[in-house]
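# Overview (structure and organization)
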Amino acid sequence: MFLFWAAPAAILGFSKTVTLSYFGERMGQITMLFWYASIYGQLQIALNRLIAISSPLLYNSTFSTKRTAQILAAFWVLSAAHVAIYFFDDCDFVFDTKAYIWTYAGSKCGDIISFYLDFVHGTTLCSIVVLVNTISFFAIIKEAKKLSNSFGRPQEVTMLRRNTRLYLQGCVQAGCFALMILSFHFFSKFATTKWATFAATTFVWELCHAMDGFILIIFHEKFREVLYRPSLLWRTKSRCKITFTAASRMIT
C-alpha cells in the first residue's frame, strides 16, 4: 500500500479531496488490515515455535496443513473485524500528502482507534509474543540439556537447531514491530520538524515491513540460495514435475 498509494499520492501531491475520498479511506483501511494480519502473524509464529520445541507430537496435529490454513484464515477474519470500524463516519485512517504521514481522523472515534485499537492492541500482542518467546527460550535450554545428557539422535539435534533459529527469527521480527509501534505513537511526539515526524512514523513503518522480509531471508538458507541463484526455483519445479510424472506412470 505504501508503494501503490502513499508514494504516488506524495509524489503527485494528491489533494485532500482525493486522500479523504471514499477510495482514499479504503486505502487506509486496507493498509491497517495488512498491519493487523502482520501482528497476528507474529503471534502465530511464536506459538508455532513454542509448541514445536516443547511438544513435537502435539505440534504435528496442531499445525497440520489443514489446521494451519484454518488458523491463518481465522487471523485474517479477526483482522478484517478490526478494520470494520473504519467504515463509520469520522473513523478514518488516511495518508496526509502534506506531512507525508498516515493520520487518524481528528475525532473521538479516531482517538479511540489510535490509542486502543492500534497502540494498546499492538503493544499487548507484542508483549504476548515476547512472553511466548521467553517461554520458548527456556524450553530450548531444557531440550538442549536433555539431548546433551542422552546423546540425542542427529535428527533431534538438527530439529532443535532449526527451531532455535526460527525462535531467534521470531524474536527479531517481534522486536522490530514493537519498536515501530513505540516510534509511531511515542517517539514521534518528540519530533519538531516535518521530516523528523515522517522518519518516526511513515519511514519507520515502511522500514519495519522491509526488515521483516530481510530477516526472513537472513534466517532461511533456502531463501538465500534462491535469491542468489533464481534458477534453483525452476529446477525445483522441474524435479516436482518429473516426480509427479513418474508417479503417474507407476499408478497407470
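This structure is a prediction, so every number in the text was calculated from the model and none was measured.

For the protein chain, the count of helices and strands is ten helices and two strands. Taken from the N to the C terminus, the helices and strands of the protein chain come in the order α-α-α-α-α-β-β-α-α-α-α-α. The contacts in the protein chain between residues at least 6 apart in sequence include a share of 70% that link residues at least 24 apart. When the accessible surface of the protein chain is summed, it comes to about 15,400 Å², and 70% of that surface belongs to carbon and sulfur atoms.

Together, Leu179, Leu182, Phe186, Phe187 and Phe190 line one region of the surface with nonpolar side chains, adding up to about 510 Å² of accessible area. Considering the arrangement of structural elements, one finds Phe186 in the loop between α7 (154-185) and α8 (194-219). Among the residues examined, Phe186 registers a relative accessible area of 42% and is labelled partly exposed.

The method is simple in principle: a probe with the dimensions of a water molecule rolls over the atoms, and the space it marks as empty is what remains. Space inside the largest pocket adds up to approximately 600 Å³. Lining the largest pocket are 24 residues, with Ile45, Leu166, Gln169, Leu216 and His220 positioned closest to its centre. Of all the secondary-structure elements, those providing two or more residues to the lining of the largest pocket are α3 (22-54), α5 (65-83), α7, α8 and α9 (221-228). The greatest single-element share of the lining of the largest pocket, amounting to eight residues, is contributed by α3.

Attention now moves to α5. Taking 1.5 Å of rise per residue, the 19 residues of α5 would be expected to cover 27 Å, and the 27 Å separating its terminal C-alpha atoms lies within 8% of that figure. Listed as buried for α5 are Phe75, Ser79, His82 and Val83. When α5 is viewed along its axis, its buried side chains cluster within an angular range of 95° and face the same direction. Turned more than 90 degrees away from the buried face of α5 sit Lys66, Val77 and Ala81, all of them exposed.

Take the packing of α3 against α5 next. At a minimum axis distance of 8 Å, the contact between α3 and α5 shows a crossing angle of 140°. When the interaxial angle is binned, α3 and α5 end up oblique. The two elements α3 and α5 cross, and the hand of that crossing is right-handed. Facing Gln29, Met32, Leu33, Phe34, Tyr36, Ala37, Tyr40 and Gln44 of α3, the residues of α5 in contact are Thr68, Ile71, Leu72, Phe75, Trp76, Leu78, Ser79, Ala80, His82 and Val83. Its residues assigned to classes, the contact of α3 with α5 comprises 13 nonpolar, five polar and no charged.

Looking now at the UniProt feature "transmembrane region" (unreviewed entry) in the protein chain. Following the UniProt record, the feature "transmembrane region" (unreviewed entry) maps to residues 33-59, 71-88, 119-141, 166-186 and 198-219 here. Counted over residues 71-88, helix gives 72% and strand 0%. Its end C-alpha atoms are 28 Å apart. Taken end to end, residues 198-219 has its terminal C-alpha atoms 30 Å apart, with 100% of it in helix and 0% in strand.

So, about the packing of α3 against α8. Packing of α3 against α8 brings their axes to within 13 Å, and their N-to-C directions diverge by 45°. In terms of their interaxial angle, α3 and α8 are classed as oblique. Of the two possible hands of crossing, α3 and α8 adopt the one that is left-handed. Of the residues in α8, those touching α3 at Thr31, Met32, Trp35, Ser38 and Gln42 are Trp205, His209 and Asp212. The class makeup of the residues in the contact of α3 with α8 is three nonpolar, four polar and one charged.

Position of Thr201 relative to the elements: it lies in helix α8. According to the relative accessible area criterion, Thr201 is buried, its value standing at 5%. Here Thr201 is in contact with Ile101, Phe184 and Ser188, once residues within four sequence places are set aside.

Moving on, we come to the packing of aromatic side chains. One pass over the full model with this rule turns up 23 aromatic pairs. Relative to Trp195, the ring of Tyr100 has its centre 5.3 Å away and its plane inclined at 45°; by these criteria the two rings are tilted. Taken together, the positions of Tyr100 in the loop between β1 (93-96) and β2 (101-104) and Trp195 in helix α8 put the pair 95 residues apart, joining distant regions of the chain. Consider the rings of Phe184 and Trp205, whose centres lie 5.9 Å apart with planes at 80°: the pair is edge-to-face. Within this pair, whereas Phe184 is found in helix α7, its partner Trp205 is found in helix α8, the two being separated by 21 residues in sequence.

Calculation notes
- Residues numbered from 1 in each chain as written.
- Predicted model: local features only at pLDDT ≥ 70, side-chain atom pairs only at ≥ 80, totals over all residues.
- Heavy atoms only, no water.
- Helix = DSSP H or I, 4+ residues; strand = E, 2+ residues; numbered from the N terminus.
- Contact = heavy atoms within 4.5 Å.
- Areas by Shrake-Rupley, 256 points an atom, 1.4 Å probe, with all protein chains shown as cover.
- Patch = residues over 30% accessible without salt bridge, like charges linked within 9 Å, V, L, I, M, F, W, Y side chains within 5 Å.
- Salt bridge = Lys/Arg side-chain N within 4 Å of Asp/Glu carboxyl O.
- Buried < 20%, exposed > 50% of the residue type's maximum accessible area, 1.4 Å probe, protein only.
- 1 Å grid on protein atoms, 1.4 Å probe; cavity = no way out; pocket = protein on both sides within 12 Å on 5 of 7 lines; lining within 4 Å.
- Points joined across faces, edges and corners; volume = space filled by probe spheres on them.
- Expected span 1.5 Å × (residues − 1).
- Arc of directions from axis to C-beta.
- Axes fitted to C-alpha atoms, helices over the stretch in contact; angles between N-to-C directions.
- Parallel < 35°, antiparallel > 145°, perpendicular 65-115°, else oblique.
- Left-handed = near helix turned anticlockwise from the far one by under 90°.
- Nonpolar A, V, L, I, M, F, W, Y, C, P; charged D, E, K, R; others polar.
- UniProt positions renumbered as here; feature names shortened; annotations may be inferred.
- Phe/Tyr/Trp six-rings, centres within 6.5 Å; stacked < 30°, edge-to-face > 60°.

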